[in-house]
Amino acid sequence: MTIPNVTLNNGVSMPQLGFGVFQVPDEETAAAVSEALRAGYRSIDTAKIYGNEGGVAQALRESGIPREELFVTTKVWNDDQGYDEALRAFDASVGRLGLDYLDLYLIHWPAPSAGRYVETWKALEKLLADGRVRSIGVSNFQPAHLRHLFEETGTVPAVNQIELHPYLQQAELRALHAERGIATEAWSPLAKGGDLLADPVVTALAEQHGRTPAQVVLRWHLQLGNVVIPKSVTPDRIRENLDLFDFELTAQDLAALGTLERGHRTGPDPDRFG
Ligand SMILES: NC(=O)C1=CN([C@@H]2O[C@H](COP(=O)(O)OP(=O)(O)OC[C@H]3O[C@@H](n4cnc5c(N)ncnc54)[C@H](OP(=O)(O)O)[C@@H]3O)[C@@H](O)[C@H]2O)C=CC1
Ligand SMILES: O=C(O)C(=O)[C@@H](O)[C@H](O)C(=O)CO
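Fair warning: this is a prediction, and the values are worked out from it, not measured in the lab. (Residues numbered from 1 in each chain as written. Chains lettered and ligands numbered in written order. Predicted model: local features only at pLDDT ≥ 70, side-chain atom pairs only at ≥ 80, totals over all residues. Heavy atoms only, no water.)

1. Some thoughts on the site of ligand 1
Working step 1: Near ligand 1 there are 29 residues, and of these Asp-45, Gln-161, Ser-188, Ser-232 and Thr-234 occur at the shortest range.
Working step 2: One nitrogen or oxygen atom from the side chain of His-108 is found 3.4 Å from an oxygen atom belonging to ligand 1.
Working step 3: In this structure, Ser-188 approaches ligand 1 through a side-chain N or O atom, which is 2.7 Å from an oxygen atom.
Working step 4: Burial of ligand 1 by the surrounding chains reaches 88%, relative to a free accessible area of 900 Å².
Working step 5: A molecule is said to occupy a pocket when more than half its atoms come within 2 Å of that pocket's grid points, and by this definition ligand 1 occupies the largest pocket.
Working step 6: Residue composition of the shell around ligand 1, by class: 13 nonpolar, 10 polar and 6 charged. (Near = heavy atom within 4 Å. Polar contact = N/O pair within 3.5 Å; in protein donor to acceptor, adjacent residues only side chain to side chain. Areas by Shrake-Rupley, 256 points an atom, 1.4 Å probe, with all protein chains shown as cover. 1 Å grid on protein atoms, 1.4 Å probe; cavity = no way out; pocket = protein on both sides within 12 Å on 5 of 7 lines; lining within 4 Å. Sits in = over half its atoms within 2 Å of the grid points. Nonpolar A, V, L, I, M, F, W, Y, C, P; charged D, E, K, R; others polar.)

2. Focus: the packing of helix α8 (residues 213-224) against helix α10 (residues 251-258)
Working step 1: In the contact formed by α8 and α10, the axes pass within 11 Å of each other and the chain directions differ by 105°. Considering the angle they form, α8 stands roughly perpendicular to α10. Counting all contacts with α8, which are made through Val-216, Trp-220 and Gln-223, the residues of α10 involved are Leu-254, Leu-257 and Gly-258.
Working step 2: Residue composition of the contact of α8 with α10, by class: 4 nonpolar, 2 polar and no charged. (Axes fitted to C-alpha atoms, helices over the stretch in contact; angles between N-to-C directions. Helix = DSSP H or I, 4+ residues; strand = E, 2+ residues; numbered from the N terminus. Parallel < 35°, antiparallel > 145°, perpendicular 65-115°, else oblique. Contact = heavy atoms within 4.5 Å.)

3. Examining the nonpolar core
Working step 1: Formed by 70 residues in total, the largest nonpolar core has its most connected members in Phe-19, Leu-102 and Tyr-105.
Working step 2: Leave out the neighbours within four places in its chain, and Phe-19 touches Ala-32, Val-33, Ala-36, Tyr-41, Ser-43, Ile-44, Asp-45, Ile-229, Pro-230, Ser-232 and Ile-238.
Working step 3: Val-6, Ala-158, Val-159 and Val-227 belong to the second-largest nonpolar core, a separate cluster that totals 11 residues. (Core = buried A, V, L, I, M, F, W, Y, C linked by side-chain atoms within 4.5 Å. Buried < 20%, exposed > 50% of the residue type's maximum accessible area, 1.4 Å probe, protein only.)

4. Notes on the UniProt feature "site: Lowers pKa of active site Tyr" (unreviewed entry) in the chain
Working step 1: On the UniProt side, "site: Lowers pKa of active site Tyr" (unreviewed entry) is annotated at positions that read Lys-75 here.
Working step 2: Residue placement: Lys-75 occurs in strand β5 (residues 71-76).
Working step 3: When residues no more than four places from it in sequence are discounted, the contact partners of Lys-75 are Asp-45, Thr-46, Ala-47, Lys-48, Tyr-50, Tyr-105, Leu-106, His-108 and Gln-161.
Working step 4: At a separation of 3.0 Å, a polar atom in the side chain of Lys-75 contacts the main-chain carbonyl oxygen of Thr-46. (UniProt positions renumbered as here; feature names shortened; annotations may be inferred.)

5. A few points about the sheet that holds β5
To summarise the sheet geometry, strands pair through backbone hydrogen bonds and adopt either a parallel or an antiparallel arrangement.
Working step 1: Taken in spatial order, the 8 strands make up an open sheet running β3-β4-β5-β6-β7-β8-β9-β10, and their pairing is parallel. If you trace the sheet from one side to the other, it starts and ends with β3 (19-20) and β10 (227-228), each paired once.
Working step 2: Sheet topology places strand β8 (residues 159-163) next to strand β9 (residues 183-187); 5 bridges connect them, and they run parallel. Residue pairing across strands places Ile-162 opposite Ala-186, the latter belonging to β9.
Working step 3: Running over the sheet, helix α4 (residues 117-129) touches β5, β6 (102-107) and β7 (133-139) and is turned about 165° from β7. (Pairing = 2+ DSSP bridges.)

6. Points about the pairing of β6
Working step 1: A large share of β6 lies buried, amounting to 6 of its 6 residues.
Working step 2: For β5 and β6, the ladder comprises 4 bridges, and the chain directions are parallel. By the bridge assignment for β6, Val-76 is matched with Ile-107.
Working step 3: Of the strand pairs in this sheet, β6 and β7 are connected by 5 bridges, and their pairing is parallel. Bridge pairing in β7 places Leu-104 opposite Ser-135.
Working step 4: The β-α-β motif built from β6, the intervening α4 and the parallel element β7 has right-handed crossover chirality. (Right-handed = clockwise from strand over helix to strand, strands pointing away.)

7. Comments concerning helix α2 (residues 53-63)
Working step 1: When we look at burial in α2, the residues that qualify are Glu-53, Gly-55, Val-56, Ala-57, Ala-59 and Leu-60.
Working step 2: Turning to α2, the residues buried within the fold contact α1 (26-39), β4 (43-45), β5 and α3 (83-97).
Working step 3: Count one or two residues on from α2 and you reach Gly-64, which has phi positive near 70°.

8. Describing empty space enclosed by the protein
Working step 1: This model, assessed by the stated rule, comprises 1 cavity of 30 Å³ or more.
Working step 2: Approximately 40 Å³ is the volume found for the largest cavity.
Working step 3: The wall of the largest cavity is formed by Asn-140, Phe-141, Gln-142, Ile-162, Glu-163, Gln-170, Arg-265 and Pro-270. (Points joined across faces, edges and corners; volume = space filled by probe spheres on them.)

9. Quick notes on the environment of Thr-259
Working step 1: Its location among the elements puts Thr-259 in the segment after α10.
Working step 2: When its relative accessible area of 58% is taken as the criterion, Thr-259 is described as exposed.
Working step 3: Between the alpha carbons of Thr-259 and Gly-193 there is a distance of 19 Å; along the sequence they are 66 residues apart.
Working step 4: Of the polar contacts made by the side chain of Thr-259, one reaches the backbone oxygen of Ala-256; its length is 2.5 Å.

And the structure:
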């Protein structure tokens with residue numbers, strides 16, 4: 001099984017499917033990430049605020065997988081925004097991760113009321129220029145935050161990691177990303193495994209294709225071109241969420257899933273959070 005790559009706007013290849021570790025306690029993270037690496041995931045999404053960069057480090061180290069085959073993402077938390085603060089936060093994160101470079105570093109939230117994401121971005125540009133990170137991006141940026149960044153700085157983010165699933169399809173952001181060459185990365189791609197996976201439209205397609213509801217939703221993301229990072233601590237689900245490359249949704253299936261949009265957020269509103 002080969003996970004396809006997307007090519008970021010600076011030429012770096014990123015696996016289209018990765019493994020997220022939000023809310024996995026540090027002491028359980030090494031086991032979950034090890035299971036994911038054994039199953040075939042090579043991209044891991046963590047963040048300073050998750051408190052589990054140490055557990056990720058342990059799994060990466062114990063896997064014996066060559067560093068260049070891995071793709072590791074972490075994020076600057078809101079309290080660390082600012083130029084010097086973000087540089088220090090980066091050093092601390094790569095230290096905890098046991099890495100000498102990172103594949104992707106993201107500003108976790110725009111935190112617009114603090115007004116520091118432009119100077120934070122300039123720190124990320126320096127890390128990129130210094131070769132300490134292979135690509136830089138943002139997370140939870142709304143169109144206005146992206147446009148402000150385009151006006152004030154020189155580098156277009158490689159990625160915007162946003163909440164995205166059939167109940168929150170983010171049409172405006174996806175169009176802006178396509179126009180500016182930003183990869184769309186979907187967080188909570190399964191809408192946290194809640195009602196979406198029991199939605200009659202999803203379950204009917206699952207039955208039709210002989211797949212699980214989660215596989216139908218993840219396949220929808222892949223066919224839209226989204227990068228996805230489902231989280232699970234359950235070994236069977238970790239493997240299930242990777243088993244997506246031998247079936248295809250039809251245009252009619254995609255249209256049916258497209259009707260599920262309801263503007264439903266499972267997480268904070270980026271215009272207000274932070
Ligand atoms: N940038 C940001 O602000 C944010 C980033 N993220 C990132 O995105 C990742 C994914 O998002 P997350 O919020 O974790 O939500 P997901 O949409 O990935 O859903 C995770 C939940 O779904 C369950 N689940 C996973 N696979 C299946 C399956 N095949 N069938 C049924 N249930 C399943 C999991 O249960 P179990 O584990 O018990 O198996 C867990 O409860 C995070 O881990 C994190 O890396 C998330 C939120 C915000
Ligand atoms: O998971 C993340 O990456 C997040 O930033 C959020 O889930 C956030 O930390 C949150 O839920 C705060 O209430």
